[in-house]
Amino acid sequence: MREYKVAVVGATGNVGREILNILEERNFPVGELRLLASSRTAGTRLPFRGKDILVEELDRFDFKGMEIGLFSPGAKVSDIHAPRAAAAGCVVVDNTSRFRMEPDVPLVVPEVNPGAIGEYRKRGIISNPNCSTIQMVVALKPIHDAATIKRVVVSTYQAVSGAGKAAIDELFEQTRAVFLTGKEVPPKKFPKEIAFNLLPHIDVFTENGYTKEELKMANETRKILDPRIRVTATTVRVPVFNCHSESVNIETEKKLTVAEVRRLLSAAPGVEVVDDPTTATYMTPREASGKDATFVSRIREDESVENGLNLWVVSDNLRKGAALNAVQIAEELIRNHLG
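K.L.:
I tried to follow helix α1 (residues 14–25) on my own but got confused; where do I start?
P.N.:
Along its 12 residues, α1 runs 17 Å from first to last C-alpha, staying within 8% of the 16 Å computed at 1.5 Å per residue. Residues of α1 that are buried sit in contact with β1 (4–9), β2 (30–37), β3 (45–48), β5 (68–71) and α8 (319–336).

K.L.:
Quick question: what am I supposed to make of the packing of helix α3 (residues 131–147) against α8 here?
P.N.:
For any two helices packed against each other, one specifies the inter-axial angle together with the distance between the axes. Where α3 contacts α8, the two axes come as close as 8 Å, and the packing angle between them is 85 degrees. Between α3 and α8, the angle falls in the class roughly perpendicular. Of the residues in α8, those in contact with C131, I134 and V138 of α3 are K320, G321 and N325. Class assignment of the residues belonging to the contact of α3 with α8 gives a composition of three nonpolar, two polar and one charged.

K.L.:
What exactly am I supposed to notice about the sheet that holds strand β4 (residues 51–57) here?
P.N.:
The strands that make up a sheet pair up through hydrogen bonds in the backbone, lying either parallel or antiparallel. Taking strand neighbours across the sheet as the criterion, the seven strands line up as β3-β4-β2-β1-β5-β6-β7 in an open arrangement whose pairing is mixed. If you trace the sheet from one side to the other, it starts and ends with β3 and β7 (125–127), each paired once. The average undirected angle you get between the axes of adjacent strands in this sheet is 25 degrees. The strands touched by α1 within the sheet are β1, β2, β3 and β5, with β3 carrying the most contacts at an inclination of about 25 degrees.

Cut-offs used in this document
Residues numbered from 1 in each chain as written. Predicted model: local features only at pLDDT ≥ 70, side-chain atom pairs only at ≥ 80, totals over all residues. Heavy atoms only, no water. Helix = DSSP H or I, 4+ residues; strand = E, 2+ residues; numbered from the N terminus. Expected span 1.5 Å × (residues − 1). Contact = heavy atoms within 4.5 Å. Axes fitted to C-alpha atoms, helices over the stretch in contact; angles between N-to-C directions. Parallel < 35°, antiparallel > 145°, perpendicular 65-115°, else oblique. Nonpolar A, V, L, I, M, F, W, Y, C, P; charged D, E, K, R; others polar. Pairing = 2+ DSSP bridges.

Shown next as structure tokens:
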């Protein structure tokens, strides 16, 4: 396999660092690696394959000659630099929200809609979905193929790592303060204290009362999986450092038994079923952290509606919810699209 010239944009952030780890773990065919970030962190060095790679300033970087750009710098930065990279011939896999709902930009989860990747030729950009959407559609795909999903009601329990390093630090400091002094640490990253608390508020509220995070899940699921599926979401930030969890209620056209769902999910790419009620076996965020799979537990029929199912879905939001999905897109890209 030939090697590729790869640029990682936002390399010093949580997702950028995870992308580097995954490129190395999966032995991605990197011939030349360029690490890019803002002027604030440019000049630092990050390890990759036994070497310390210099982080360069994104604003000054010329993408000419680069072949794949793995972007995770924030939507405003991607808005400026992703088209610039694409115009220079670098195929961009963008992990921000900036291009997800653009009709001519493919929104891709490789286990779900890998065929959409070929549409990158329209703009030179492929979009990575929202982390909470990714793990849900990985679990929904085999069920939809077998029984056609009509409606999804999802409630999320999202870790603070999804809001960046400052959010992780805030949970740590608040938790430590309560334990050691009994005093509260005023919130900075979140609207209210996150330690020992739940915040039904991720991203900003819109005119209809939903947050943008909730609307992302609905809109992205329809774009990736099927525009006919009705989706409603309630997204909640919880005092967990890493890994998102979701309670997913599904209504299908065709009835599926629990045994059939277990069989379908057990055979699905990227899914691991961890579900044995007789031994209280189910997945938790602590156990899922650092793993690549989307884990499904608590599979049961919803007896309140015809053809209803309930699932508990857990996944590492920094890996499958961001960095891993981006690298998998790049792997599919070089396998089937790039020369």
